[in-house]
Amino acid sequence: MIRLDQLLSRYGYCSRREAASWVNAGAVTGINGLPFRRPDEKVDPATVLVEGHPVPFPGGITVAFHKPAGYACSHNPAETPLIYDLLPPEWMQRHPAPETVGRLDRETSGLILLSDDGDFLHRWTAPRHEVPKVYEATVDTDFPLGLVELFASGTLMLRSEDRPCRPAILKITGSRTATLQITEGKYHQVRRMFASQGCTVKALHRTRAGSVDLGKLPSGEWRKLTAQERD
Ligand code: URA
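What you see is a predicted model, and the numbers here were worked out from it, not measured in a lab.

Participant: Would you mind going over the site of the ligand in detail, with residue names and values included?
Facilitator: Taken together, the neighbourhood of the ligand is formed by L104, D105, T108, Y135, H188, Q189, V190, R191 and L204. Between the ligand and the protein, one listed contact pairs a nitrogen atom with a side-chain N or O atom of D105 at 2.7 Å. One of the backbone nitrogen or oxygen atoms of Q189 is found 3.5 Å away from an oxygen atom of the ligand. A majority-of-atoms criterion places the ligand in the largest pocket. Ranked by the residues each element gives to the shell around the ligand, the list is headed by helix α5 (residues 189-195), at three residues. Of the residues that constitute the shell around the ligand, the class distribution is four nonpolar, three polar and two charged.

What follows is the structure in structure tokens.
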């Protein structure tokens, strides 16, 4: 339950100060069509209509998005194009607005999660949770011998890091293609792991994070996570 004035500002309709005039004007009703009269009234967002329409995502926004290559996971207009340019603009009016769970490099495509749920964001980003992430990589040269064992060993030290990479699962799928599963998110980690062994990553695509699979979600589109996937 949430106060009506909080609801109107949290879901991006107006400021908390403006909320009283929205309520006084009869713009906010129950599903029975009867207007609420007091901005401090407590309501369940799923049972409210604003200007006749249900509140979108009354339980919050937690989605999987298929990021195309070329878009930055950033709010900085200097870095356009941004992934947020491909998402409904009204999401960014909400307080809090959904944020990405970690980031993908501009040139990486594939699965990125977004959520406005602080607990979810914490669970999926805290290093101790070790959420596995799976990437498909294409490199510029044949893989050196022993790469699977090296990545699995937990001893690979990347330059300017103070700890080795955690054991990672490399599956070689072609002479220059592989999938790599890692459970951490050091800066440019996948590209740096391959580069440390003489392979430049030409294309990188994330297919999976924890229990969430990108599946056939088309590039540039999003879908809600199921309750099972959120857990
Ligand atoms: N590792 C990288 O190098 N880039 C990404 O975008 C994600 C993981």
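What follows picks up the thread again.
Participant: I'd like to hear about the domain arrangement of the chain, residue by residue, with values.
Facilitator: Here the chain is described as being made up of domain 1 (2-54), domain 2 (62-126 + 212-230) and domain 3 (132-209). Once you take the C-alpha centre of each, domain 1 and domain 2 turn out to be 28 Å apart.

Participant: Go over the sheet that holds strand β4 (residues 48-50) with me, naming the residues and quoting the values.
Facilitator: Each strand in a sheet pairs with another by means of backbone hydrogen bonds, the pair being arranged parallel or else antiparallel. The three strands lie next to each other as β2-β4-β5, forming an open sheet whose pairing is antiparallel. Of all the strands in the sheet, just β2 (28-30) and β5 (53-54) have a single pairing partner and so form its edges. Relative to β5, β4 is paired through two bridges, and the arrangement is antiparallel. The residue of β5 that forms the bridge with L49 is P54.

Analysis parameters
- Residues numbered from 1 in each chain as written.
- Predicted model: local features only at pLDDT ≥ 70, side-chain atom pairs only at ≥ 80, totals over all residues.
- Heavy atoms only, no water.
- Near = heavy atom within 4 Å.
- Polar contact = N/O pair within 3.5 Å; in protein donor to acceptor, adjacent residues only side chain to side chain.
- 1 Å grid on protein atoms, 1.4 Å probe; cavity = no way out; pocket = protein on both sides within 12 Å on 5 of 7 lines; lining within 4 Å.
- Sits in = over half its atoms within 2 Å of the grid points.
- Helix = DSSP H or I, 4+ residues; strand = E, 2+ residues; numbered from the N terminus.
- Nonpolar A, V, L, I, M, F, W, Y, C, P; charged D, E, K, R; others polar.
- Domains from an automatic or database assignment.
- Pairing = 2+ DSSP bridges.

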